Amino acid sequence: MNTIFEKSNGSDGINLTESVSDIDFLPDYLLRKNNVGLPQLSELDVMRHYKELSDLNFCIEKGFYPLGSCTMKYNPKVNEFLSSLEGFNIHPNIDDDKAQGCLELMYKLKTALLEITGMDAITLQPSAGAHGEMTGMMIIKRYFETVGEQRTKVIIPDSAHGTNPASAKMAGFDIVEIKSNKKGQVDINALKEVLNDDIAAIMMTNPNTLGIFEEQVEEISEIMHKNGSLLYYDGANFNAIMGYTNPKLMGFDVVHLNLHKTFSTPHGGGGPGAGVVAVVDKLKDYLPVPDIIYQNGNYKKDYSIKNTIGSVKDFYGNFSILVRAYAYILMMGKNLKKATENAVLNANYLKEKLKKYYNLPYDEPCMHEFVITGEKQKEENGVSTLNIAKAMMDGNTHPPTVYFPLIVHEAMMIEPTESENKQTLDDFINIMIRIADECKLDTEKILSAPHTTPVKKIDEVTAARHPDLNYKGN
Ligand SMILES: *Cc1c(COP(=O)(O)O)cnc(C)c1O
């Protein structure tokens, strides 16, 4: 497909000199002397160009998207409609008394999320999961500074999401990594070995990124609290436990949620998102400002949080994401628990069906996702997980997350989510069985995949090391 520059044919969409009636008032030095070199096409040509371009993209509306840990699920279209309502699109600097509806929505969303997480106080400000992690770690840091304790280190299991160590480091902590045990869970002995007065917190994901529930979480919480340390819960993928249990019951002190995953906002490509952070009572005085409160019959912004870490984002965060999340929660009601059930059921169904064809490193019941590998195919047929992922694209399926978590060789991390039906899951199983067969019988086809996508096999090393992103022109 040609670029829009190559398609340029000299036609005019709009004549700017005619529509801007008088530019005489501009001083001469501000007037452009040369042609800008923008492509020139009619409006219709431009529309067709960008429609064609967007049709080349893969998206959840086109096919199955089991990208592990990313929760690529159906996001109800009514959310988009609601978030675009005129009353929700007001200037963030408007006075509180003219923004009562927006403030009420945020207040009620806070209340709902506190019930879902079991926590005592919450901020809606951070604009992504990783941003929530950093906010949470800053809260933990400020807490220890305030109570006068020098704690400089954070423990992170080796199965953690990559953002965890990055966020803790950004907040000024050093990272202590601990290994997982044979069941893919935190090794309690390894944890005890690294404990001392320097440890501020542990950052955990439960279920962890292997999709496995940390059965010893209560013991871990007891050990950490006895050491005077805190527990951080990465709740990006909350559809694994929502309605069944919560981080408070497991003994955590801070949690972030990805509203753009569990609570239905289309995401990917860097946003927009909302990584809200909830805390237990003893940390509530450190939350970012402003908070949204309800007082004397009015909703209002409150800047009076005692030891606040300050603001982490302008105004309230990504407001339109909050609208979508609140709409989703109201729509689902008690069925939020059903979403968890289906997410876990779908993942276990796929895992059980696929384990005959692919290596399953941890043969345990999983939560919302699971990890299989291409190790067998690599050993027997010289085909890598990357080749298998490319072959899936020929089956109109987005590949799962690959080569993550890092502790599993040739990993494929699969998350079907709650919104797929059995037919879609069975179609995916058949694609995966066909690929496993073709690895043996038609190895060359798998090695040279994909064959049906707009862009065929690319040189990934050159693309990553020497990206060339400039249009050079004719
Ligand atoms: C997605 C995810 C994150 C990061 O969220 P972003 O919004 O992409 O910053 C962190 N932890 C886990 C477990 C995740 O799945």
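Source: prediction; values computed, not measured.

Asker: What is the right way to look at the sheet that holds strand E11 (residues 401-402) in this model?
Answerer: Pairing between sheet strands relies on hydrogen bonds along the backbone, with the strands arranged either parallel or antiparallel. The 3 strands are arranged E10-E12-E11 in an open sheet whose pairing can be described as antiparallel. The sheet terminates laterally at strand E10 (370-373) and E11, the two strands that pair on one side only. Relative to strand E12 (residues 411-414), E11 runs antiparallel, the two being bridged by 2 bridges. Along E12, the bridge assignment pairs Thr401 with Met413. Contacting E10, E11 and E12, helix H15 (residues 385-393) runs over the sheet at an angle of about 40 degrees to E12.

Asker: So what exactly am I meant to see when it comes to the pairing of strand E8 (residues 291-295) here?
Answerer: Looking along a regular strand, one sees the side chains alternate between the two faces of the sheet. Note that E8 and strand E9 (residues 298-302) share 5 bridges and pair antiparallel. Note on E9: the bridge partner recorded for Gln295 is Asn298. As consecutive antiparallel partners, E8 and E9 are separated by 2 residues, and within that stretch Asn296 has a phi angle of approximately 50 degrees, a positive value.

Asker: Could you clarify how one ought to interpret the state of the cysteines in this entry?
Answerer: In a disulfide, the sulfur atoms of two cysteines are held together by a covalent bond. Under the definition given, this model contains 0 disulfides. The closest cysteine sulfur to the non-disulfide-bonded Cys70 is located on Cys59, 15 Å from its own sulfur.

Asker: Could you clarify how one ought to interpret the site of the ligand in this entry?
Answerer: In the region of the ligand, 13 residues are neighbours, and Ser69, Gly129, Asp234, His260 and Lys261 sit closest. Here a nitrogen atom of the ligand and a side-chain polar atom of Asp234 are 2.6 Å apart. Measuring from an oxygen atom of the ligand, one finds a side-chain N or O atom of Asn258 at 3.0 Å. Protein chains shield 85% of the accessible area of the ligand, which is 380 Å² for the free molecule.

Asker: I'm lost on the sheet that holds strand E6 (residues 254-257) in this one. Help?
Answerer: A sheet is described by the order of its strands in space; here 7 strands give the open sequence E1-E7-E6-E5-E4-E2-E3, paired in mixed fashion. Of all strands in the sheet, those bounded by a partner on one side alone are strand E1 (121-123) and strand E3 (174-178). Geometrically, the sheet is characterised by an average inter-axis angle of 20 degrees between neighbouring strands, direction not taken into account. Strand contacts of helix H5 (residues 100-117): E1, E6 and strand E7 (277-279), with the helix running at about 125 degrees to E1, the strand carrying the most contacts. Across the face of the sheet, helix H6 (residues 129-146) comes into contact with strand E2 (153-157), strand E4 (199-204), strand E5 (230-235), E6 and E7 while running at roughly 170 degrees to E5.

Procedures and definitions
- Residues numbered from 1 in each chain as written.
- Predicted model: local features only at pLDDT ≥ 70, side-chain atom pairs only at ≥ 80, totals over all residues.
- Heavy atoms only, no water.
- Pairing = 2+ DSSP bridges.
- Helix = DSSP H or I, 4+ residues; strand = E, 2+ residues; numbered from the N terminus.
- Contact = heavy atoms within 4.5 Å.
- Axes fitted to C-alpha atoms, helices over the stretch in contact; angles between N-to-C directions.
- Disulfide = S-S within 2.5 Å.
- Near = heavy atom within 4 Å.
- Polar contact = N/O pair within 3.5 Å; in protein donor to acceptor, adjacent residues only side chain to side chain.
- Areas by Shrake-Rupley, 256 points an atom, 1.4 Å probe, with all protein chains shown as cover.

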